[in-house]
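Here's the letter readout for the chains.
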Amino acid sequence: MSAQLWALAVVGIMVLAAAGLEALRARRARRRVLGSGPSDLARHLPMNREELRARDPYILYFTGEGCTVCRTHQDPALARLGDVRVDKVDAVAERGLADRFHVYMLPTTVVMAADGHALHVNYGYAPAPKLERQLAEARRTALTATA
Amino acid sequence: MSTPTSDKGFPRNPGEASDFVGIVVDHSALKINQTGIVATVLVAFAGSALYQPLLVLIPLLAIVLLLGTFAPRLALFKQLYFKVLKPRGIVKPRPVQDRPEPHNFAQGLGGVFLAVASIFLIPLPVIGLALSLLVAVLAFVNLAFGYCLGCQIFFQLERRGVLKPS
């Protein structure tokens with residue numbers, strides 16, 4: 001086999017291994033975040049009591065100045081959600097909060113219940129339909145809990 | 001990607017990064033750069049099967065990327081965009097509010113990988129070719145899907161305090 005074919009095989013294996021490791025890493029981080037209790041967000045973010053009491057889920061959006069995908073993809077996707085509260089967090093400046101949600105890549109979006117529970121975590125770009133689905137699920141959960 | 005700014009702080013090319021608040025990076029320049037990387041590596045990779053001297057394109061590309069990282073005026077593909085493609089309307093500018101540093105870092109990282117690949121090309125061609133192809137794959141992923149691995153590494157380094165946020 002020529003060097004080119006060997007190189008192709010090596011890169012193919014490396015890409016597959018990287019994709020597998022990335023999936024594992026995201027799953028582990030997601031499990032840690034979702035497994036933990038309600039976050040003490042009030043300590044990190046300016047929120048009033050009305051906001052905390054609100055029944056609607058909201059989105060915690062970790063971004064950064066250097067995040068291109070945030071500007072080109074994630075921002076427009078979040079804008080398409082309409083009347084949903086989005087709390088934008090600079091992951092570099094708010095390091096404690098970013099660590100709390102195991103943010104290892106940007107953008108990261110977290111669908112939060114009103115009580116501060118993380119319901120869904122998306123590492124990397126999350127398209128609008130996916131976020132809408134997660135928000136709808138969160139609303140259903142909130143309604144069930146209220147009933 | 002960092003771009004040259006004049007002494008007065010104005011960007012030399014409209015749409016390029018400036019020192020002002022609300023920095024704008026022309027993403028078309030980035031896309032042309034990524035296209036150049038992918039095309040060059042592919043020509044070297046496939047062409048070297050028939051004509052081995054084409055492998056010289058890999059060290060040349062490493063030099064172009066590293067020079068472009070430290071002296072943006074020498075960034076070949078970006079200059080091609082700013083001097084030829086953009087003025088003639090072949091490629092339309094796409095200014096986006098962005099920071100140039102992560103892109104510059106990613107380009108430098110690509111240049112380092114290609115420089116290492118160049119060292120291996122003669123004694124261990126499989127490793128040299130694999131590293132070059134990896135750079136092309138990552139450039140393609142950035143070009144097609146907007147995912148920049150170098151930028152993510154930059155973010156991690158910045159978050160851990162290795163690089164200071166500007």
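Our structure is the block above this text.
Residues numbered from 1 in each chain as written. Chains lettered and ligands numbered in written order. Predicted model: local features only at pLDDT ≥ 70, side-chain atom pairs only at ≥ 80, totals over all residues.

(A) Focus on the overall build of chain B. Helices and strands together make up the secondary structure of chain B, namely six helices and two strands. Within chain B, the fraction of its 166 residues that count as buried is 45%. Counting contacts in chain B only where the partners sit at least 6 residues apart, residues at least 24 apart contribute 66% of the total. (Helix = DSSP H or I, 4+ residues; strand = E, 2+ residues; numbered from the N terminus. Buried ≥ 20, exposed ≤ 12 C-beta atoms within 10 Å, placed from the backbone. Contact = placed C-beta atoms within 7 Å.)

(B) Local environment of the packing of helix α1 (residues 27-47) of chain B against helix α5 (residues 125-145) of chain B. Residues and elements named next belong to chain B. Taken N-terminus to C-terminus, the directions of α1 and α5 make an angle of 150°; their axes are 9 Å apart at the nearest point. With respect to α5, the element α1 is oriented roughly antiparallel. Handedness of the crossing formed by α1 with α5: left-handed. Residues K31, Q34, T35, I37, V38, V41, L42, A44 and F45 of α1 form the contact with α5, whose own contacting residues are L129, S132, L133, V135, A136, A139, F140, N142 and L143. Here the residues of the contact of α1 with α5 are counted per class, giving 13 nonpolar, four polar and one charged. (Axes fitted to C-alpha atoms, helices over the stretch in contact; angles between N-to-C directions. Parallel < 35°, antiparallel > 145°, perpendicular 65-115°, else oblique. Left-handed = near helix turned anticlockwise from the far one by under 90°. Nonpolar A, V, L, I, M, F, W, Y, C, P; charged D, E, K, R; others polar.)

(C) How the structure looks around the sheet that holds strand β2 (residues 86-90) of chain A. Residue and element names in this part refer to chain A. The strand order across the open sheet built from four strands is β2-β1-β3-β4, with neighbouring strands paired in mixed fashion. Of all strands in the sheet, those with a lone pairing partner are β2 and β4 (118-123), marking the two edges. Ignoring strand direction, the axes of neighbouring strands in this sheet form an average angle of 20°. Both strand β1 (residues 58-63) and strand β3 (residues 108-112) contribute to a ladder of five bridges, which runs antiparallel. Note on β3: the bridge partner recorded for Y58 is M112. (Pairing = 2+ DSSP bridges.)

(D) How the structure looks around the interface of chain A and chain B. On the chain B side, the residues contacting the 24 residues of chain A number 25 residues. At the level of secondary structure, the elements contributing two or more residues to the side of chain A that touches chain B comprise α1 (3-35), α4 (68-79) and α5 (95-100) of chain A. The element that contributes the greatest number of residues to the side of chain A that touches chain B is α1 of chain A, accounting for nine residues. Partitioning the side of chain A that touches chain B into residue classes produces 14 nonpolar, seven polar and three charged.

(E) Expanded view of the nonpolar core. Core analysis: the biggest nonpolar cluster contains 35 residues, and I59, F62, F101 and V110 of chain A have the highest contact counts within it. Of all the elements in the fold, those that place two or more residues in this core are β1, α4, α5, β3, β4 and α6 (128-146) of chain A together with α4 (100-120) and α6 (149-159) of chain B. Among the elements that take part in this core, β1 of chain A stands out by supplying five residues, more than any other. Not counting residues up to four positions away in its chain, the partners in contact with F101 of chain A are V33, F62, T108, V110, A118 and V121 of chain A. Of all hydrophobic cores here, the second largest spans 26 residues; its members include I37, L121, L129 and L134 of chain B. (Core = buried A, V, L, I, M, F, W, Y, C linked by C-beta atoms within 7 Å.)

(F) How the structure looks around the environment of K83 of chain B. Within the secondary structure, K83 of chain B sits in helix α3 (residues 76-85). The spacing of K83 of chain B and G128 of chain B is 45 residues in sequence and 32 Å in space, taken between C-alpha atoms.

(G) Spotlight on the pairing of β1 of chain A. Counting buried residues in β1 of chain A gives six out of six residues, a clear majority hidden from the surface. Following the backbone out of β1 of chain A, through α4 of chain A and into the adjacent parallel β2 of chain A, one traces a crossover that is right-handed. (Right-handed = clockwise from strand over helix to strand, strands pointing away.)

(H) Inspection of α5 of chain B at higher detail. With 21 residues, α5 of chain B extends 29 Å between its outermost C-alpha atoms, agreeing within 8% with the 30 Å of an ideal straight helix rising 1.5 Å per residue. Where α5 of chain B is buried, its residues meet α1 of chain A together with α1, α2 (57-70), α4 and α6 of chain B. (Expected span 1.5 Å × (residues − 1).)

These results come straight from atomic positions and should not be treated as a statement about function.
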